[in-house]
Amino acid sequence: MKITVEHCDTPENEVILRCRELDEEMLHILALLRSGMQSLCAFTEERETVFLSPREVLYAESVEERTWLYCERAVWRTALSLSELEARYEALGFCRVSRSMVVNLHGIRHLKSCAGSRIEATMRNGEKVMISRHYGPLLRERLGM
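Residues numbered from 1 in each chain as written. Predicted model: local features only at pLDDT ≥ 70, side-chain atom pairs only at ≥ 80, totals over all residues. Heavy atoms only, no water.

Describing the side chain of threonine 44
Here's step 1: Mapping threonine 44 onto the fold places it in the loop between strand E1 (40-43) and strand E2 (49-52).
Here's step 2: With residues up to four places along the chain from it excluded, the contact list for threonine 44 reads Val50 and Trp76. (Helix = DSSP H or I, 4+ residues; strand = E, 2+ residues; numbered from the N terminus. Contact = heavy atoms within 4.5 Å.)

Printed below as a string of structure tokens:
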């Protein structure tokens, strides 16, 4: 695939995909572009609406039937389920790592093997989260390990 970047003076950025056919690779790129432009709706404790970029989210966790988004300096509630987050933002690196957690792979600083085939992930903000042994192979596959 050939990639060309052109600088122009137009007020709005534009992406043009040129392809012989809309194959799997092009569909993946298209999905990545579309999902990256989406905002993730979250709520404060006072029920104020906040719009986040999916890139800001380090991980999401389900606690007592509510889904929480953990960013570098704040925690927000969302109406989306973990399954919905995983499906919508998989192309951006969201990956299921336990029954109750989805991690943004781009938020991981480093990994450490632990007893019982579990993996400890240290996030960009220094928080540590555990990857269950059941989801370890999926994580390794997504990271190309």
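Some details on the side chain of serine 98
Here's step 1: Turning to its location among the elements, serine 98 is positioned in strand E6 (residues 94-98).
Here's step 2: Note on serine 98: relative accessible area 13%, which makes it buried.
Here's step 3: At 3.2 Å, the side chain of serine 98 forms a polar contact with the backbone nitrogen of methionine 101.
Here's step 4: Apart from residues lying up to four places away in sequence, serine 98 is in contact with Ser132 and Tyr135. (Buried < 20%, exposed > 50% of the residue type's maximum accessible area, 1.4 Å probe, protein only. Polar contact = N/O pair within 3.5 Å; in protein donor to acceptor, adjacent residues only side chain to side chain.)

Describing the layout of surface pockets
Here's step 1: Size it by volume and the largest pocket reaches roughly 930 Å³.
Here's step 2: Considering the residues around the largest pocket, the lining is formed by 23 residues, among which Thr4, Val5, Val15, Ile16 and Leu17 are closest to the centre.
Here's step 3: Here the lining of the largest pocket is composed, by residue class, of eleven nonpolar, four polar and eight charged. (1 Å grid on protein atoms, 1.4 Å probe; cavity = no way out; pocket = protein on both sides within 12 Å on 5 of 7 lines; lining within 4 Å. Points joined across faces, edges and corners; volume = space filled by probe spheres on them. Nonpolar A, V, L, I, M, F, W, Y, C, P; charged D, E, K, R; others polar.)

Observations regarding the pattern of salt bridges
Close approach of charged atoms allows side chains of opposite charge to pair.
Here's step 1: Scanning the model with the defined rule gives two salt bridges in all.
Here's step 2: Between arginine 124 and glutamate 72 there is a salt bridge, with the nearest N and O atoms lying 2.8 Å from each other. With a gap of 52 residues between them, arginine 124 in the loop between strand E9 (119-123) and strand E10 (128-131) and glutamate 72 in the loop between strand E4 (66-70) and strand E5 (75-78) connect regions that are remote in the sequence.
Here's step 3: By relative accessible area, which is 36% here, glutamate 72 ends up partly exposed. (Salt bridge = Lys/Arg side-chain N within 4 Å of Asp/Glu carboxyl O.)

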